[in-house]
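# Examination of the molecular architecture
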Amino acid sequence: MKRLWRGGRLVSLQGESGWGLIEDGALLTDGARILWVGLSSGLPPEAAGVEVHELGGALVTPGLVDCHTHLVYAGDRCQEFELRLHGASYAEIAQAGGGIRSTVIATRAATEAQLLAAAVPRARALIAEGVTTVEIKSGYGLSAESEARMLRVARSLALQGLEVRTTYLGAHAVPPEFEGRSDDYVDAVCDWLPGLHAEGLVDAVDAFCEHIAFSPAQVMRVFEAARQLGLPVKLHAEQLSDQGGSQLAAAFNALSCDHLEYLSDAGVSALATAGSVAVLLPGAYYALRETRLPPVGALRSAGVPIAIATDHNPGSSPTLSPLLMLNMACVLFRLTPEEALRGMTVNAARALGLTDRGRLAAGQRADFCVWDASHPRELTAYFGRNPLRQRVFEGNA
Ligand code: NIG
Ligand code: FE
């Protein structure tokens, strides 16, 4: 089914920089793909006689890609929010048995139906702000069975009208039954991967490289297991300290390294050489009241692509607002509005190994957003406001 969308202000993001603005632009879609993009005044012959949608001068951007979330879990951690307000740090709460581990206990106790019921409204909140592709990590099950359950629930969220990419994050924390035996747990994480992969549940493999989680040597073993199956890797790296995780991830041609507040110059160079994306997570920076900024200037000069994501999770980043993250990326991290929008479209897609989305161009997926805005910078300047008029997913409004 072909559809024509005309009379919009298209933010195509074509080319390596700039907005790629097309004034009075039109998009011709054929099913789930974009067939043609150009001026409303220069339509191709294929546009004749198709269903027409008038955009009335509205702004059109590619659909948003949230490339780092922990959307599937049970329970909440608002008590930790209070503890942090009273001075406890994220690391102290984790070391005292709270943090990720408390979400693991709640998630293990939940049925697949309960996990899904909790995750659907979260997915809908992202959709309501224009997200068309979301990445969802496991990592609150930490057993073969409960990691699989999380990933199945993540996959089934696609029924909400969303593209879901799943990431296996077995190496997120050491579960209680492996207390003091983290190397044995890493063995188990590696052993579970082939089965999860055979079930079609894994698009990428991630780990948390940190003094309160896993060492680079342990992460390397997980990455080797991924490599054996031909699976791409990404890493929670340099969030609380510089562990050199980014250099390790780059050696495995990681799709991305995420967080990066404590990234060193050597880490920046390694990411640049490997072509890995730096995924910055302003929600976690903000909620943890981190004061060390990720090295945005160095990443920019080295030509490392920068992405922005919600990192939605019940602990460090309990936000469901990708638009707020665009604003925070500018205000807190000093990204330009264009860098922020590229960070949640084309560069976020790249952080997932995807090149078929994130721009408005022929051949790309027909996933886009129509906004009540006149310039794309408005999407980053306002916060706590949602100007989404219409979200088109796979060519359907
Ligand atoms: O991306 N840093 C590790 N993992 C998550 C937090 C998970 C949690 O606290 O539940 C993050 O910030
Ligand atoms: Fe995360």
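Here, every reference points to the structure presented above.
Every chain is numbered on its own, with residues counted from 1 as its sequence reads. Whichever chain is written first becomes A and whichever ligand is written first becomes 1, with later ones labelled in order. A pLDDT threshold of at least 70 governs which residues receive local features in this predicted model, and a stricter bar of 80 or more applies before side-chain atom pairs are shown or counted, although totals over entire chains, interfaces and linings include all residues. Based on all heavy atoms of the structure, the side-chain values leave hydrogens and waters out of the count.

## Observations concerning the site of ligand 1
- What makes a residue near a molecule or strand is one non-hydrogen atom of that residue sitting within 4 Å of it. Of all residues adjacent to ligand 1, which total 15 residues, the nearest are R77, Y90, Y140, Q239 and S316.
- Counting of polar contacts relies on pairs of N or O atoms within 3.5 Å, with two restrictions inside protein: one atom must be capable of donating a hydrogen and the other of accepting it, and residues adjacent in sequence are counted only when both atoms are side-chain atoms. The side chain of R77 places a nitrogen or oxygen atom 2.8 Å from an oxygen atom of ligand 1.
- Within the contact set of ligand 1, an oxygen atom lies 2.5 Å away from a side-chain nitrogen or oxygen of Y90.
- The Shrake-Rupley method, run with a 1.4 Å probe, gives the accessible areas here. Residue values count only the displayed protein chains as cover. Protein coverage of the free-state accessible area of ligand 1, which is 330 Å², stands at 100%.
- Note on residue categories: nonpolar means Ala, Val, Leu, Ile, Met, Phe, Trp, Tyr, Cys or Pro, charged means Asp, Glu, Lys or Arg, and polar means any other residue, Gly included. Tallied by class, the residues present in the shell around ligand 1 amount to four nonpolar, nine polar and two charged.

## Considering the sheet that holds strand β10 (residues 234–237)
- A strand pair is defined by DSSP finding two or more bridges across the two strands. The secondary structure listing takes helices from DSSP runs of H or I that are at least 4 residues long and strands from runs of E that are at least 2 residues long, numbered from the N terminus. In spatial order, the strands read β10-β11-β12-β13; together these four strands make up an open sheet with parallel pairing. Across the chains shown, the open sheet's two edge strands, defined by having one partner strand only, are β10 and β13 (306–308). Direction aside, neighbouring strands of the sheet carry axes that sit 25° apart on average.
- Bridge analysis of strand β11 (residues 256–259) against strand β12 (residues 277–280) gives three bridges, and the strand direction is parallel. By the bridge assignment for β12, S256 is matched with V277. Between the N-to-C directions of two axes lies an angle of 0 to 180 degrees, each axis being a line fitted to C-alpha atoms and, for a helix, fitted only over the stretch in contact.

## Some thoughts on the sheet that holds strand β7 (residues 131–137)
- With parallel pairing, the four strands of this open sheet are ordered in space as β6-β7-β8-β9. Here the strands that pair on one side only, and so sit at the sheet edges, are β6 (64–66) and β9 (204–207). Going from strand to strand, the sheet's axes swing by 20° on average, the running direction of each strand aside.
- Across three bridges, the pairing between β6 and β7 is parallel. Each residue of the ladder has a partner; that of L64, found in β7, is V131.

## Re unusual backbone geometry
- If you check the backbone angles, E238 has positive phi at about 50° while not being a glycine.
- Assignment of secondary structure puts E238 in the loop between β10 and α8 (245–251).
- The backbone phi angle of R334 is positive, close to 65°, even though this residue is not glycine.
- Looking at the element boundaries, R334 is found in the loop between α12 (322–331) and α13 (337–343).

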